[in-house]
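As a plain string of letters, each chain reads:
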Amino acid sequence: MLGVMQDRTAIITGAGAGIGRGLARIFARAGANVAVVDRNEAAAIATVELIEAAGGRGLAVAADVTARAEMERMAQATLDQFGRIDVLCANAGIFPQAALDTLTEADWDRVQAVNVKGAFFAVQACLPQMRRQRYGRIVLTSSITGPITGFPGWSHYGASKAALLGFMRTAAIEVARDGITVNAVLPGNIRTEGLADTGADYIRRMEQSIPMGELGTPEDIAYAALFLASEQARYITGQTLVIDGGQVLPESILALES
Ligand code: NAP
């Protein structure tokens, strides 16, 4: 898949760490110019340095996905630097845990604002240029949590990731005649800075629940997204791709023990 992004420009939100950084590095390695977008400017610059050290081209954009004006600035800065927007990976997301009994309105709103509204603003900001080009690939980072599974403490998060798929399906229809596709990757448990906050015990026990016996890597998600973002995936839209080492497969714990 190296070279599939030659002469393409990709915007990746939440690219200062974790899955987003993995997306940025793999897309750059595949030939793309990459706008590395993160609310943490130092982290965005660090990702660009990694891309450039590997011979790629990157642009750090400090922006918060929850602010429409900042998403418009992101799109403009990318156009000014690279002249096109071929791919948007709307990946920025947060996953704070809070049980239903203690979940506050502010917790709920914050998670929906970053995970759902942030993706909407990023997509809306990139659409005019993609429509002008009559070409675009949008890949949303959803999750298995919400669309397929549940986990105590993540009701607000699960709701946000399921909402993204509802958004995707209608958006995909609205832009289908413009050469633009909208798809989603659904990661399982992926080794990232964000997941590290859940602690070693969570990670060890999670590994035991995955048929492949290990957590995924940001690169595992990036290669799946790279396919959906390629020219070759032109006839795929409104679809989901689960990347989880088989985590959603076991019918019960017995399936893993036998
Ligand atoms: P991560 O390691 O925490 O990295 C996310 C990056 O996005 C961070 O640099 C973060 O900055 C940035 N960010 C957060 N809010 C932002 C905002 N409002 N505007 C711009 N940037 C923002 O997370 P991750 O594990 O890579 O997760 C990335 C995506 O994958 C999320 O959508 C997540 O829900 C999804 N996902 C992850 C997993 C997993 O196992 N890791 C599984 C399923 C789905 P700060 O450091 O300042 O917060």
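Quick look at the structure, then.

Quick look at helix H8 (residues 218-228)
At 3.6 residues per turn, the α-helix brings residues three or four places apart onto the same side. Here H8 has its buried residues at Pro218, Ile221, Ala222, Ala224, Ala225, Leu226 and Leu228. Contacts made by the buried residues of H8 are with helix H1 (18-29), strand S5 (136-141), strand S6 (180-187) and strand S7 (240-243).

Let's talk about the packing of helix H3 (residues 68-82) against helix H4 (residues 105-133)
Orientation of H3 relative to H4, taken along the N-to-C sense of each, is 35°, at an axis distance of 8 Å. The crossing of H3 and H4 is right-handed. Contact with H3, carried on its side by Arg68, Met71, Glu72, Met74, Ala75 and Leu79, involves Phe120, Phe121, Ala122, Gln124, Ala125, Cys126, Gln129 and Arg132 of H4 and no other residues of that element. The class makeup of the residues in the contact of H3 with H4 is nine nonpolar, two polar and three charged.

Remarks on the site of the ligand
In the region of the ligand, 29 residues are neighbours, and Asp38, Arg39, Tyr157, Ile190 and Thr192 sit closest. A distance of 2.8 Å is found between an oxygen atom of the ligand and a backbone nitrogen or oxygen belonging to Asn91. Within the backbone of Gly194, a nitrogen or oxygen atom sits 3.0 Å from an oxygen atom of the ligand. Calculation on the ligand without its partners gives an accessible area of 880 Å², and the protein chains cover 90% of this total. When residues of the shell around the ligand are traced back to their parent elements, those giving at least two are H1, helix H5 (155-175) and helix H6 (193-196).

Brief notes about the sheet that holds S6
With parallel pairing, seven strands are arranged side by side in an open sheet as S3-S2-S1-S4-S5-S6-S7. If you trace the sheet from one side to the other, it starts and ends with strand S3 (57-62) and S7, each paired once. The sheet shows a mean angle of 20° between the axes of neighbouring strands, direction not considered. As paired strands, strand S2 (residues 33-38) and S3 are joined by six bridges and run parallel to one another. Bridge pairing in S3 places Val34 opposite Gly58. Against the sheet, H4 touches strand S1 (9-13), strand S4 (87-90), S5 and S6, its axis set at about 170° to S5.

Topic: helix H2 (residues 41-53)
With 13 residues, H2 should reach 18 Å at 1.5 Å per residue; the first-to-last C-alpha distance of 18 Å fits that figure. The set of residues buried in H2 consists of Ala43, Ala44, Thr47, Val48 and Ile51. Buried positions in H2, seen along its axis, are confined to an arc of 140° and lie on one side of it. Opposite the buried face of H2, at more than 90 degrees from it, the exposed residues are Ala42, Glu49 and Ala53. Buried-residue contacts for H2 involve H1, S2 and S3.

So, the pairing of S1
Of all five residues making up S1, five are buried, and the element is well covered by its neighbours. Across the two faces of S1 the burial is the same, with Thr9, Ile11 and Thr13 and Ala10 and Ile12 all buried. Where S1 and S2 come together, five bridges link them in parallel fashion. If you follow Ala10 over to S2, its bridge partner there is Val34. With respect to chirality, the unit in which S1 leads through H1 into the neighbouring parallel S2 is right-handed. Looking at chain direction, S1 and S4 are connected through three bridges and run parallel.

What counts, and at which threshold
- Residues numbered from 1 in each chain as written.
- Predicted model: local features only at pLDDT ≥ 70, side-chain atom pairs only at ≥ 80, totals over all residues.
- Heavy atoms only, no water.
- Buried < 20%, exposed > 50% of the residue type's maximum accessible area, 1.4 Å probe, protein only.
- Helix = DSSP H or I, 4+ residues; strand = E, 2+ residues; numbered from the N terminus.
- Contact = heavy atoms within 4.5 Å.
- Axes fitted to C-alpha atoms, helices over the stretch in contact; angles between N-to-C directions.
- Left-handed = near helix turned anticlockwise from the far one by under 90°.
- Nonpolar A, V, L, I, M, F, W, Y, C, P; charged D, E, K, R; others polar.
- Near = heavy atom within 4 Å.
- Polar contact = N/O pair within 3.5 Å; in protein donor to acceptor, adjacent residues only side chain to side chain.
- Areas by Shrake-Rupley, 256 points an atom, 1.4 Å probe, with all protein chains shown as cover.
- Pairing = 2+ DSSP bridges.
- Expected span 1.5 Å × (residues − 1).
- Arc of directions from axis to C-beta.
- Right-handed = clockwise from strand over helix to strand, strands pointing away.

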